[in-house]
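Letter by letter, the chains look like this.
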Amino acid sequence: LQFLQRCQRPDGLLVDGLGVPPNLMSNAFVACVLAHVAEANPILPRLLSALAGVKGVQVPNAPEVQQNNQLQGWPWLPDTFSWIEPTSWGTLALKKAPAGIAPPAGRARIQEAEDLLVDRVCEIGGWNYGNASTLGQDLRPYVPTTAVALLALQDRRAHPVVQRSLAYLEQARVTEPTAMALGLAAVCLGVFGRP
């Protein structure tokens with residue numbers, strides 16, 4: 001925790017000290033971990049508040065892109081477009097906030113992030129990294145992004161997008177044989193009570 005305190009900027013986000021912008025996916029992941037640390041710490045409330053205040057940039061909607069570009073989740077870096085993984089981890093971080101330290105804007109941010117995830121699901125279920133299609137071409141989903149998005153939506157199990165994506169993940173769970181993909185798939189399927 002002392003190391004994290006040294007990495008926390010005045011606005012609440014964590015940086016590595018090398019002068020690069022904060023990686024928002026990593027910040028959200030750290031917030032998820034800190035939500036499970038039993039001891040009280042000054043890092044988490046400030047971090048959650050900072051995360052709730054960060055949004056991906058809006059870009060104009062275009063007919064060739066079948067998604068709502070006005071929805072704002074989380075980007076990888078500040079002042080950039082929203083992506084699936086940072087949005088999923090940001091959603092999880094705010095959902096895991098212990099009672100009493102959830103930021104006031106948290107509920108609205110969760111709702112918009114969930115709307116973004118539902119909006120960007122691939123045609124066959126699951127999620128690509130940013131968009132479900134581009135230039136009229138459907139994009140394929142990936143196992144790790146699908147697993148993380150499903151974890152973020154685990155409290156919406158009856159939603160058709162969740163059901164379709166869970167079916168995709170069950171079918172594709174071993175098609176990306178990396179430790180990250182297999183690990184996230186195993187955690188996600190376990191949370192959903194699937195083998």
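Structure: above.
Conventions adopted
- Residues numbered from 1 in each chain as written.
- Predicted model: local features only at pLDDT ≥ 70, side-chain atom pairs only at ≥ 80, totals over all residues.
- Heavy atoms only, no water.
- Helix = DSSP H or I, 4+ residues; strand = E, 2+ residues; numbered from the N terminus.
- Rg over C-alpha atoms; globule rule 2.2 N^0.38 Å.
- Buried < 20%, exposed > 50% of the residue type's maximum accessible area, 1.4 Å probe, protein only.
- Contact = heavy atoms within 4.5 Å.
- Areas by Shrake-Rupley, 256 points an atom, 1.4 Å probe, with all protein chains shown as cover.
- Lys, Arg positive; Asp, Glu negative; His and termini not counted.
- Charge placed at Lys NZ, Arg CZ, Asp CG, Glu CD.
- Phe/Tyr/Trp six-rings, centres within 6.5 Å; stacked < 30°, edge-to-face > 60°.
- Salt bridge = Lys/Arg side-chain N within 4 Å of Asp/Glu carboxyl O.
- Axes fitted to C-alpha atoms, helices over the stretch in contact; angles between N-to-C directions.
- Parallel < 35°, antiparallel > 145°, perpendicular 65-115°, else oblique.
- Left-handed = near helix turned anticlockwise from the far one by under 90°.
- Nonpolar A, V, L, I, M, F, W, Y, C, P; charged D, E, K, R; others polar.
- Core = buried A, V, L, I, M, F, W, Y, C linked by side-chain atoms within 4.5 Å.

K.L.:
Explain the overall build of the chain to me, please; I cannot follow it from the model alone.
P.N.:
When helices and strands are tallied, the chain shows eight helices and two strands. Element order for the chain, N to C, with α for helix and β for strand: α-α-α-α-α-β-β-α-α-α. Computed over C-alpha atoms, the radius of gyration of the chain comes to 17 Å, within 12% of the 16 Å expected from 2.2 N^0.38 for 195 residues, which places it in the range of a compact globule. When its C-alpha atoms are laid out on the principal axes, the chain stretches across 45 × 40 × 30 Å. Within the chain, buried positions represent 47% of all 195 residues. Here the contacts in the chain between residues at least 6 apart in sequence split such that 58% fall between residues at least 24 apart. Approximately 9400 Å² of the chain is accessible, and the part contributed by carbon and sulfur atoms is 60%. Within the chain, the 15 negative side-chain charges are centred at a point lying 6 Å from the centre of the 15 positive side-chain charges.

K.L.:
I keep staring at the packing of aromatic side chains and nothing clicks. Help me out?
P.N.:
Geometry of an aromatic ring pair is reported as the spacing of the ring centres plus the angle between the planes. Applying the stated criterion across every chain yields a total of two aromatic pairs. Here Phe29 and Trp89 contribute two aromatic rings whose centre-to-centre distance is 5.0 Å and whose plane-to-plane angle is 85 degrees, an arrangement assigned as edge-to-face. Residue Phe29 is found in helix H2 (residues 24-34), and its partner Trp89 is found in helix H4 (residues 84-95); the two are separated by 60 residues along the sequence. On the accessibility criterion, Trp89 (12% relative accessible area) is buried. A centroid spacing of 4.8 Å and a plane angle of 35 degrees characterise the contact between Tyr129 and Tyr142, whose relative ring orientation is tilted. One end of the pair, Tyr129, is in the loop between helix H5 (106-119) and strand S1 (133-134); the other, Tyr142, is in the loop between strand S2 (137-138) and helix H6 (143-152), with 13 residues separating them in the sequence. Since its relative accessible area comes to 31%, Tyr129 is described here as partly exposed.

K.L.:
For this particular structure, what's the right way to read the pattern of salt bridges?
P.N.:
Opposite charge on two side chains makes pairing possible when the charged atoms of those side chains draw close. One pass over the structure, following the stated rule, counts six salt bridges. The partner of Lys95 in a salt bridge is Glu114, with the nearest N and O atoms 2.6 Å apart. Here Lys95, found in helix H4, pairs with Glu114, found in helix H5; they are 19 residues apart in sequence, far enough to count as distant. Given the relative accessible area of 4%, Glu114 is considered buried.

K.L.:
Please clarify how the packing of H6 against helix H8 (residues 179-191) should be interpreted in this entry.
P.N.:
Pairs of packed helices are described in terms of their axes, by the angle between the two and the distance that separates them. It is at 8 Å that the axes of H6 and H8 come closest, and there the two elements cross at 30 degrees. Of the possible angle classes, the one that applies to H6 and H8 is roughly parallel. Crossing of H6 against H8: the hand is left-handed. Taking contact as the criterion, the partners of Val143, Pro144, Ala147, Val148, Leu150 and Leu151 in H6 are, on H8, Ala181, Leu184, Ala185, Val187, Cys188 and Val191. Across the contact of H6 with H8, the residue classes break down as twelve nonpolar, no polar and no charged.

K.L.:
Teacher, can you tell me more about the nonpolar core here?
P.N.:
Side chains of a nonpolar character, in soluble globular proteins, are inclined to be buried together. Formed by 53 residues in total, the largest nonpolar core has its most connected members in Leu51, Trp89, Leu117, Trp127, Leu150 and Leu169. Mapped onto this core, the elements with two or more residues apiece are helix H1 (2-7), H2, helix H3 (43-53), H4, H5, H6, helix H7 (160-172) and H8.

In short, geometric facts, not functional conclusions.
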